[in-house]
Amino acid sequence: MVSLPGRPATSLLRLLFLGLSTLASSSRAQLELHVPAGLAKLKAVEGAEVVLPVWYTLRGQSPAQPGPWELLTVMWFLEQGQDLNQVLAYISGATSSKSGVSLVYTMPSQNVSLRLQGLREKDSGSYRCSVNVQDHEGKNRSHGSKTLELSVLVPPAPPSCRLLGVPRVGTNVTLSCQSPRSKPAAQYQWERAPPSAQVFFAPVLDAIRGSLSLTNLSSPMSGVYICKAHNEVGSAQCNVTLEVSTGPGPAVVAGAVVGTLVGLGMLAGLVLLYHRRNKALEEPANDIKEDATAPRTLPWPKGSDTISKNGTLSSVTSARALRHPQGPPRPGALTPTLSLSSQVLPSPRLPRTDGAQPQPISPSPGGVSSSTLSRMGAVPVMVPAQSQAGSLV
């Protein structure tokens, strides 16, 4: 086949057609190309074959037998957008063509139909047939062309089925179905396989996108769901198994585990914080602060006992002399004397008596009473009495 690829070839072919049309304009009515009614636009399935039917006639001659004086030229082109590609050429008794392309009848013949085998989607487009007839002298007698539209259809490729969502009781899921290749675009239909056969329609079914929405799932909705993708030239299908679970989903279980761990961690943190707080409260009570100020010394009225600076009474002196006992002291008896320090005050000498009972020495009315000294923390000290011989008992 003679192939003229690229833009120069397209321009050259267009000029050729214009030239042939100009030369044969005076005799165009003598050659006519014919296409069967309703076959100007053809559809074929990918992988099959198709015939583009075209024939021509000459005025005053039978269409079955061409004249012996005719020199026939036949050319077929495929036009796709701005591209014009030659697919077959019959010139001076020689035929050249692309793979899978041929003439239906042996040349020379007035039936110039084209056969295309092993069709592919890219074979779709406008096919133009150009016929030129000359006599033996090489004079152009006539020229004509016809265009036919061919659309190669593609049946849906096997679709893929998917389950979107978690199939648990009470939840919603979506079944998705998509075919990767189809011309024209496939339509989709979902149905449930036996024994619980069911066919779905809108609005739960989207026939364009191939989705099926199932809401408020229940256990009886479990089963095999089949999706069929179809167009005018074929169909294909896939299926998905739906198993509705009655237990909590993995996400719920994972959430419960995480929540339990977080709760335990917070509880441990609170216990640790409680112990640290108690320890912090106990430590200041046990610490001895070096910079603590000494307690203030309580003032005493005049005539009372003297208190040392460190808060301890060193001695207590009576404002008046101790009174003499009313009777002689009894031998061996001790006279109690109050003191607020470890020092023992000297006792006044008592007159000797013959076996009289010694009386306790009480402070004068102007002194400090024993009850007051007891409240102040005084310690009673027993002072030994003297015997008649002057020795301590």
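What comes next is a walk through the structure. (Residues numbered from 1 in each chain as written. Predicted model: local features only at pLDDT ≥ 70, side-chain atom pairs only at ≥ 80, totals over all residues. Heavy atoms only, no water.)

On to the pattern of salt bridges, then. Oppositely charged side chains are able to pair whenever their charged atoms sit close together. The tally for this structure, following the rule as stated, stands at seven salt bridges. Across the pair arginine 128 and glutamate 79 runs a salt bridge, and its minimum N-O distance is 3.2 Å. Of the two residues, arginine 128 is situated in strand β10 (residues 125-134) and glutamate 79 in strand β5 (residues 71-80); the sequence distance between them amounts to 49 residues. A relative accessible area of 21% means that arginine 128 is categorised as partly exposed. For lysine 228, the salt bridge goes to glutamate 191, with nearest N and O atoms at 3.9 Å. (Salt bridge = Lys/Arg side-chain N within 4 Å of Asp/Glu carboxyl O. Helix = DSSP H or I, 4+ residues; strand = E, 2+ residues; numbered from the N terminus. Buried < 20%, exposed > 50% of the residue type's maximum accessible area, 1.4 Å probe, protein only.)

Moving on to the sheet that holds strand β8 (residues 101-103). Ordered in space as β3-β9-β8, the three strands form an open sheet in which the pairing is antiparallel. Two strands close off the open sheet at either side, each with one partner strand: β3 (50-52) and β8. Averaged over all adjacent pairs, the angle separating strand axes in this sheet is 25 degrees, with direction ignored. Both β8 and strand β9 (residues 114-116) contribute to a ladder of three bridges, which runs antiparallel. Directly across from valine 101, in β9, lies its bridge partner leucine 116. (Pairing = 2+ DSSP bridges. Axes fitted to C-alpha atoms, helices over the stretch in contact; angles between N-to-C directions.)

Turning our eyes to something else, we now look at the side chain of serine 124. With respect to the secondary-structure elements, serine 124 resides in the loop between β9 and β10. Accessibility expressed as a relative area gives 15% for serine 124, which makes it buried. Side-chain polar atoms of serine 124 contact the backbone oxygen of glutamate 121, separated by 3.1 Å. (Polar contact = N/O pair within 3.5 Å; in protein donor to acceptor, adjacent residues only side chain to side chain.)

Next up on the list: unusual backbone geometry. With an omega of 5 degrees, the peptide bond running from methionine 107 to proline 108 counts as cis. Among the secondary structure elements, proline 108 is positioned in the loop between β8 and β9. Positioned with a positive phi, serine 92 is a non-glycine residue whose angle comes to about 55 degrees. With respect to the secondary-structure elements, serine 92 resides in the loop between β6 (83-91) and β7 (94-97).

Tracing the backbone shows arginine 115 in strand β9. Contacts of arginine 115, omitting those with residues within four sequence positions, involve Glu49, Val50, Val51, Gly100, Val101, Ser102, Leu103 and Val104. (Contact = heavy atoms within 4.5 Å.)

Mapped onto the elements, histidine 143 comes out in strand β11 (residues 140-153). You can call histidine 143 buried: its relative accessible area is 2%. When the C-alpha positions of histidine 143 and threonine 73 are compared, they lie 9.4 Å apart, and in sequence the two are 70 residues distant. At a separation of 2.9 Å, a polar atom in the side chain of histidine 143 contacts the side chain of serine 130.

Next up on the list: the state of the cysteines. Disulfides are covalent bonds that connect the sulfur atoms of two cysteines. Taken as a whole and assessed by the stated rule, the structure comprises two disulfides. Disulfide partner of cysteine 161: cysteine 238, at an S-S distance of 1.8 Å. Disulfide cysteine 161 to cysteine 238: torsion about the S-S bond roughly 80 degrees, handedness right-handed. With a gap of 77 residues between them, cysteine 161 in strand β12 (residues 160-164) and cysteine 238 in strand β19 (residues 234-242) connect regions that are remote in the sequence. Here cysteine 161 matches cysteine 238 in class, with each residue buried. Disulfide pairing places cysteine 177 opposite cysteine 227 at an S-S distance of 2.1 Å. Disulfide cysteine 177-cysteine 227: the torsion about the S-S bond is -85 degrees, which places it as left-handed. Pair noted here: cysteine 177 is in strand β13 (residues 173-178) and cysteine 227 is in strand β18 (residues 223-231), with a separation of 50 residues, a long-range link. Exposure class is identical for cysteine 177 and cysteine 227. Each is buried. The disulfide pattern of the chain is 1-4, 2-3 when the bonded cysteines are numbered in sequence order. (Disulfide = S-S within 2.5 Å.)

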